[in-house]
Structure formats: C-alpha cells, structure tokens
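# Structural overview
Here is what each chain is made of, one letter per residue.
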Amino acid sequence: MSKSIKIRKGLDVNLIGEADKVIVDAQRSQFYAIKPADFHNTVPKMVVKVGEKVKAGAPVFKDKYNMDINFVSPVSGTVSDIVRGEKRRILSVLIEADASDEYQTNEIANIGGLDAAGAKSFLLNAGLWPFIKMRPLDVIAKPEDTPKAIFISGFDSHPLAPDYDFTLHGKGKEFQAGIDLLSKLTEGAVNLTTRSSNPDDTFKSATGCQKHSISGPHPSGNVGVQIHHISPINKGEVVWVVNAQDVAIIGSTALTGKYVPTRLVALTGETAKNRKYYRTLIGSTIKNIAGNNIEGDNNRIISGNVLTGEKVEMDDYLGYYHSQITVIPEGNEYKFFLTKGWLGLGFGRFSASHAYPSWMSKSKKFNVDTNLNGEERAYVVTEQYEKVFPFDIFPVQLVKAAITNDIDNMEKLGIYEVAPEDFALCELICTSKVQSQEHIRNGLDLIQKECM
Amino acid sequence: MKFLRNIFDNAHAALNKSEKTKKFFPLVDSVDTLVFTPNHTTQKGAHIRDAIDLKRTMMFVILAMIPCLLFGIYNAGHWHYHALGEAGGYMDNFMSKLGIGAWYVIPIIAVSYAVGLGVEFIFAIKNGHAVQEGFLVSGMLIPLIMPVDVPLWMVAVATIFAVVIGKEVFGGTGMNIINVALTARAFLFFAHPTSMTGDNTWVAGIKDMKTDGTLVDGFSGATSLGDLAGAKSKYAEAAVALAKDKGEVVVAGLKAEGDAMATKAVSLMDSFWGFEVGSVGETSAFAALLGGAFLLWVGIASWKVMVSFFLGGLSIAGLLYAMGGNPFYEVDPIQQLMYGGFMFGMVFMITDPVTAAQTGTGKFFYGFIGGALGILIRMANPAYPEGVMLGILIANVCAPTIDHMVIRANVKRRMKRLKTA
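Residues numbered from 1 in each chain as written. Chains lettered and ligands numbered in written order. Predicted model: local features only at pLDDT ≥ 70, side-chain atom pairs only at ≥ 80, totals over all residues.

### Section: the interface of chain A and chain B
- Taken residue by residue, the interface counts 61 residues in chain A and 51 residues in chain B.
- Elements with a minimum of two residues in the side of chain A that touches chain B: strand 18 (299-303), strand 21 (335-336), helix 8 (395-403), helix 9 (407-413), helix 10 (424-429) and helix 11 (436-451) of chain A.
- In terms of residue count, helix 10 of chain A provides more of the side of chain A that touches chain B than any other element does, four residues in total. (Contact = placed C-beta atoms within 7 Å. Helix = DSSP H or I, 4+ residues; strand = E, 2+ residues; numbered from the N terminus.)

### Focus on the packing of helix 4 (residues 54-84) of chain B against helix 14 (residues 285-297) of chain B
Residues and elements named next belong to chain B.
- Running from N to C, helix 4 and helix 14 point in directions that differ by 170°, and their axes come no closer than 8 Å. Here helix 4 lies roughly antiparallel to helix 14, going by the angle between them. Two packed elements cross with a definite hand, and for helix 4 against helix 14 that hand is right-handed. Residues V61, L63, A64, M65, P67, C68 and F71 of helix 4 form the contact with helix 14, whose own contacting residues are A287, A288, L290, G291, F294 and L295.
- The residue makeup of the contact of helix 4 with helix 14, split by class, is 12 nonpolar, one polar and no charged. (Axes fitted to C-alpha atoms, helices over the stretch in contact; angles between N-to-C directions. Parallel < 35°, antiparallel > 145°, perpendicular 65-115°, else oblique. Left-handed = near helix turned anticlockwise from the far one by under 90°. Nonpolar A, V, L, I, M, F, W, Y, C, P; charged D, E, K, R; others polar.)

### Here we look at the sheet that holds strand 9 (residues 90-97) of chain A
Residues and elements named next belong to chain A.
- An order of 3-9-8-5 is seen for the four strands of this open sheet, with the pairing classed as antiparallel. Each having just a single partner strand, strand 3 (31-34) and strand 5 (53-54) make up the two edges of the open sheet.
- Strand direction decides the pairing type here: strand 3 and strand 9, joined by four bridges, are antiparallel. Considered in strand 9, the bridge of I34 is made with V93. (Pairing = 2+ DSSP bridges.)

### Some points on helix 18 (residues 360-380) of chain B
- The end-to-end C-alpha separation of helix 18 of chain B is 30 Å, in line with the 30 Å expected for 21 residues at 1.5 Å each.
- Within helix 18 of chain B, 18 of the 21 residues are buried, leaving the element largely enclosed by the surrounding structure. (Expected span 1.5 Å × (residues − 1). Buried ≥ 20, exposed ≤ 12 C-beta atoms within 10 Å, placed from the backbone.)

### Quick notes on the sheet that holds strand 13 (residues 190-195) of chain A
Residues and elements named next belong to chain A.
- Ordered in space as 1-14-13-12-15-10-11, the seven strands form an open sheet in which the pairing is mixed. Each end of this open sheet is capped by a strand with a single partner; those strands are strand 1 (4-6) and strand 11 (139-140).
- Here five bridges tie strand 13 to strand 14 (residues 210-215), and the two strands are oriented parallel to one another. Across the sheet, T194 pairs through a bridge with S213, a residue of strand 14.

### Here's the deal with the confidence of the model for chain B
- In this model, chain B carries an average pLDDT of 91, and 99% of its residues clear a pLDDT of 70 or more.
- Interface confidence for the predicted complex, given as ipTM, is 0.92, next to a pTM of 0.93. (pLDDT = per-residue confidence, 0-100.)

### Concerning the environment of A46 of chain B
- With respect to the helices and strands, the residue A46 of chain B is situated in the loop between strand 1 (36-37) and helix 4.
- Taking the C-alpha atoms as reference points, A46 of chain B and W273 of chain B, separated by 227 residues in sequence, lie 47 Å from one another.

### Overview of the domain arrangement of chain B
Residues and elements named next belong to chain B.
- Here the domain parsing of chain B yields domain 1 (2-35), domain 2 (54-212) and domain 3 (301-421).
- Averaged C-alpha coordinates put domain 2 and domain 3 at centres separated by 24 Å.
- Taken together, the 12 residues of domain 2 in the interface contact 12 residues of domain 3.
- Looking at which element gives the most residues to the side of domain 2 that touches domain 3, the answer is helix 8 (residues 180-191), with three residues.
- Across the side of domain 2 that touches domain 3, the residue classes break down as eight nonpolar, three polar and one charged. (Domains from an automatic or database assignment.)

### A closer look at the pairing of strand 8 (residues 77-84) of chain A
Residues and elements named next belong to chain A.
- In terms of strand pairing, strand 5 meets strand 8 through two bridges, oriented antiparallel. Bridge pairing in strand 8 links K53 to T78.
- Pairing geometry for strand 8 and strand 9, over seven bridges, is antiparallel. Its bridge partner being in strand 9, D81 is matched across the sheet by L94.
- Hairpin connection between strand 8 and strand 9: a loop of five residues separates the two successive antiparallel strands, and K87 in this loop has a positive phi of roughly 55°.

Right, here's the structure in full:
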C-alpha cells in the first residue's frame, strides 16, 4: 500500500556550501582503494596478492565469515599495496589503475526469468552484494536471510546532501533494472520513497515497487525513519536497504554485465571551491576531487556529510557508500566567552536551541566549524532528542541502555529499528555533547554478537 | 584576549610540571573553560555541533532568577524598615531599603557560592574531572529560598549537606535524585525549625528588634501563610471546644481570634507583586513569572511541568475552598497559589530537568503531583505552611517511577505490534 507520510519531528540543518548542479569529470586516480573499514564488522579474506593483476569487477577480498560475499575492484590494474594497521588488520587494499579498464564480465542476467537464488548468486558474483545493507544492525545483509521488505530511499535529507533527482536523472532504465533484480530477493515489496515535491522521472516512472511520498525535515530521508513509519521492524524481522544511486549501479551491471561503479560526488561545504558534482568511481582519492578546490589551510575534509561522514585527509580515499565530500573549517581555536564563546549574543551561530537568536531566522544558512562548543557532560536537559527523533522510541533511554550494555532494555526500547545515523541529529543538538552515534553503534555490535 | 589566553596556557604548563600539582588541573581548567570555550573539536560522530552547552543553559537560568533576586533585596529592606515602623510608602526610602536588603542578602549568596563551589572543587580534584555547572544554579537558588534572617553558618552547613548528600554521592550534576537547593532548605527546615519557620526569621534583624524593643507594635513578623495556618489552628481548637461543650462564648472567641489572624494575610495584589514577608526570592509571583516567561522563551524550562504544577495546585486549592470550614480553606484558590513559594517553585524548582520526569507524558503527571501535594500539605497540615517544598521533593522521588510507567507503556506498544504482525 502506498503511503504519504509527513514527518513532523526533525531539523533541517541549513549550511553554506551547496554543490551547483553541474557535472564535471574528475581526473582518473592513479590509485583506487577498497577499505574493509567501510563495511562495518566485516573481516576481509584476501584473494589477491600484491603485484597481481585484477580486472574491474574481479574480487579483491571476501568476507571471511561469509565467503560468498565478494568485494571487487572498481578498476582494472595491479594490486600495489595492502595497507595494514594494528594487529595486522587490513586498512585498505590499493589498486594502481591501468590507463583504461578491462572488465571481468558477469553473465548478463535475463532479469525477468531469474528466481531468488539466481538473483542472489548474480549479485554475489558481480560484487554488488555489499550495496545491500540490513536493518537491524546497519551492516551488509546476510545472503541466507529472506527480508520482509526492501527499502530504497529516493532522497537524501542530510545537510548539503547530493540531490538524487539530479544525480539519477536519465538513469531510469538502470534504476528500473535494479528494482526488478532486487524484487526477486523478497517475498514482500520493494518500497521506494520519494520527496513529496515533484520527484525526477527516474522515480516517477519506476514500476514493480510500492511508492511512498515523504515530506518533512531531516531525518525524513533516512531509510530507518521511513521503515519505522511504513513497516516497522520487530525482533526477528529483517529489512534490506539499498541506496538509490547504488540501485542504478546494480541495474547497469545487470544490463551490461560490466561493473562500473560510477559515483557523482557532490563537493560541498563552506570552504570548498568549485562546488560541483564530480563524476568518478568508488574508491577514488579525495585529492582528485578536492585537490585544488579548498580555501584556507585549516579545514576538515569529510567523506560523506557533516552528520555521519568520516574525517579524511587529502591522500585518503572516498568511502564506499559516500557520494559527497564536505569541507568545513576546523574549530580548533579558543573562543572568549563573551564574544564568540558560550555567553556571547551568538547571532549567526547555528543552534537548534532557542537560547541562541538564530532559531528565529529559519531560512538562514549557517557556517559551522568543527568546534565541540562545550564539553561532554552527563545528561541534564530532557526532551531534547525527542524533538529531532521521529520514532516512537525513547532516544535518551535507548542511548543509556546502550551505554550500560543492557541488552534486555535495548531490545525493549527498540534497538532493532535504529541505526547510528538516526541519532546524528540528537548528537548534533545535544547540550551535554554525548556521542550518541558511537553509543548506538556499540549497542548494535553487542546485539549482533549476542542475539543475532 | 591573547593576554588572558597566555595566562591560562602558562598556568596549565606550570601545573603540568610536577605530579603533585597535576591533580589541581581541574581547578585551573574550570576557570579556563569558563572564560574560553575550549578548542576541542569533534573527533567521532557528527562533525558539527550545536552552539548550546551546559554553561549557557545554566547561566540563562541564573539570568531568569535576577528579577526575583532584585525584588527580594528590595523586599528584605522594605520589611526591615516596616518592622521599625519607618517604611512609609513602597517607594519611600527606596535606596536605603535596597541598601539594607543587600546588606542582608548578599552575604547569604556569598556564603552559598563560596561553600558550595568549595565542595565542588574538592570533589573535582578527588575525582579528577572538571567542576560541573550544576551548582551555578543551585548556589543562587539556595539564598532565594532562605529566610532573610537565617544565620550564615546554617546556610553553610545546609549547602555542604545538599551538595554532598543531595548530589555528589549520586555522581554529581545530572545524577541527583532530589533537587539540590530544596535539599538544603529541607535540611534546615527539619534540623533548625526555629530558624526556618515562625515569627522570628522572615524579617531582617527582627530578633534584635524584639530584644531591643524597637519592633513596631502589632507587627508579628509571620508570613501570610503562617497567619492563615494559625487561623486554621484556632478554628480547630474551636471545634474541639465545641465537642467538649465549653460553651458558645469560648467557641466564638476562638473563632474570632482565628478570623483576626486571617485578616493579617496580605491581599491578592500584594501577594502577586510580592509585598509580604517570606523567603528572600519567593514572595513575588510577578518576578517569578518574569523569569518563567524568559525560561520558556529560550526553551530551557518545560511548559508541561509548569502548567501541570499550577493545575495540580489549583485543583487542590479549589477542592479545599469548596469544602471550606476555616479561614485558610476559604482563601480564594488563585490567591492561595500566590502566597508563599508556590509560584517560585513552579518556575525554578519543579522544572529542574535532572530531578523531573524525563518523558513528555510523565512531565504532566509529575508536575500535577508536585503542585497538588504541595498545596495539600500546606493547607491540610498547619505545621508545614511551606508544603510546596515538600510537595516538590516528593514529586522528585516519584519521577523515576512515573517515567518507568510511561516507558513501559511504550515497550508494551512495541510488544503488541509483534503479536499482531
């Protein structure tokens, strides 16, 4: 059943630095990386050695505990390094790219005639499986599960997020093929959610899925919020989620047999120059996109958005699931309390709290640095998270249960329905500066270890 | 700024030189973070954070108390002169009234902050964490709910008790179960009742005036609630006398005495503006409401708690008003709520987020219980005319249970979904 849902709780974080809707081809990177850390709780088992040649779409490593899941190379080239950290944990696998790509083609699927097993083996072999994540836990889906539904969020409501209506424009065929393939995997429905106001034709013309229109502030684009309002997850149930842009990659691979993981990466943020959409591949270096496009030398570069992204340096690589780079000023300076600090008038300072005058100008765009603006404290203020947390869940109590490793209470309070990203806004506005995303992730890890 | 910054940087460097001085780091750090928002950046999770922090939140509560404080200083001076028979009109001798008020009130504030922060610093050094902001508010609340003539050593003892037993044993700011400032007041109320109730404590210097004989005739120094509670006691004596057949004259005499006491209670307008004796900051409902409006405007206090607290008090006051039978019960319900510390408690005490119910639904129950119990204790038990304090403390104790019920309802809803699915 299609639904029209209005999210009332939440907060749109209006920042300076949106990307212009212009597509530029980024320079091809010399090196591409696949980082096991992008796949939470995945232990890699290498299948290539340093110096070996790989084709685009050929496996580089597998999931040690589920050898069916392949992680494949985005380009053809030579494995140049396996970077290891503490306890020889693999941090990244570097592939030196050839000048042009050779593909390991996968049998072109006659999508209509596939059954669930066929669809699964195609996705696993082609290295597309890591695009499918599961709720609960927010980790890569287990191939042996049968999900009660599959959810695709057709928009991203994070601050400065890329506009899917723009990035997927004209990709209707690939997107449809992706949906057709995914629909084989569930006995329930594939659910596609779109922003209520005039979505792109790619979404409008999609068939074979339940469409829902969502309105309201962030986190309305978070798929967890949408699932909660459309078909909430109970203990023992599994829902799979795929990012809309990844659906198109799945679709194009199915149509052509070639794995071309194109990303349109939005370069955003106050201190980024030439803010545009850069066409590149998954695993590209940050330098190739942001290299000459940064103002000043005291900046934070984030792969992803400011709420859930990852702090990176120029020499690092784009996160597997990221299609956005945000550059904002670092806030590593002292602020005198009466002028810029905690007791200043604070015009132009971003705050969801009414203790700063900025809440009165709702459409104003803010520049925000990375200063913590205070120190971590015990919870004092109440009913703060609830204002930006559109779940029928008590967020503070859930975070506390996670902090205390209280599995019983986490289950009762709804841990199966949430992902860390759903707590990003809570973390943003918290007076006591509690790291709620981290606490929820730890809670989910404990649940995965003990209950799944 | 650079100059100030250097001072702190040098102080930190000096402390870090030896292991012995390192433990005093929290002291310097606490002052440093007060003067400068630290240069800490986000390391995990969201890369940007809201500009709000606990310091600003607490400071705004203190700002909200300023009307109560200023009026309290004036009022202390006014009643001091009134007891001497020199007060004249409200605006006569205005500066002298402020002066004498400040002379009595400022030392209480100084003692409260000095002692309380001293205890906080000791705990900060012992536990190796920064001094937390909670006491900034408690330190101002304590003077505002003390009688102006309270001996300073009592303020000191009560503050130590409140900070140690009321807060630090539970783990500091954010962890306490009952309101810290009310713990201080309750401690004195039960340990030194003669200094906290009766006729000899509400007016600055009244004890000396009574020994010197300078007290003006006909002025008792009791609060309106004290007078009304006295009136109620006379009516109770009258009822006993009636039962024992002491004769119409005795009964009528007792009732007349009660009525006479009741007439000493101030009018609705006087109690609204605050022209009555009482604890330093509690008398003016108007000043409290100013602060309350500010706290609601900046979104720090919860309207749910305030509204339900008021309704809770009003419903009991209305109920007893309907029963009638003595001058205390027959006070108009709205006027009843303007007396004493009810309005002050509504704005500053029941709303303390740490000790209040934390769930939205729970807040309605919590506030209602606090207000209803406060007025019930005040009116039904003449020994405790300041029942609001006890009402709020009892509500504090109930809050976790209320939250538990609300959360259990949420859990049940989720379990039910599982069964129907």
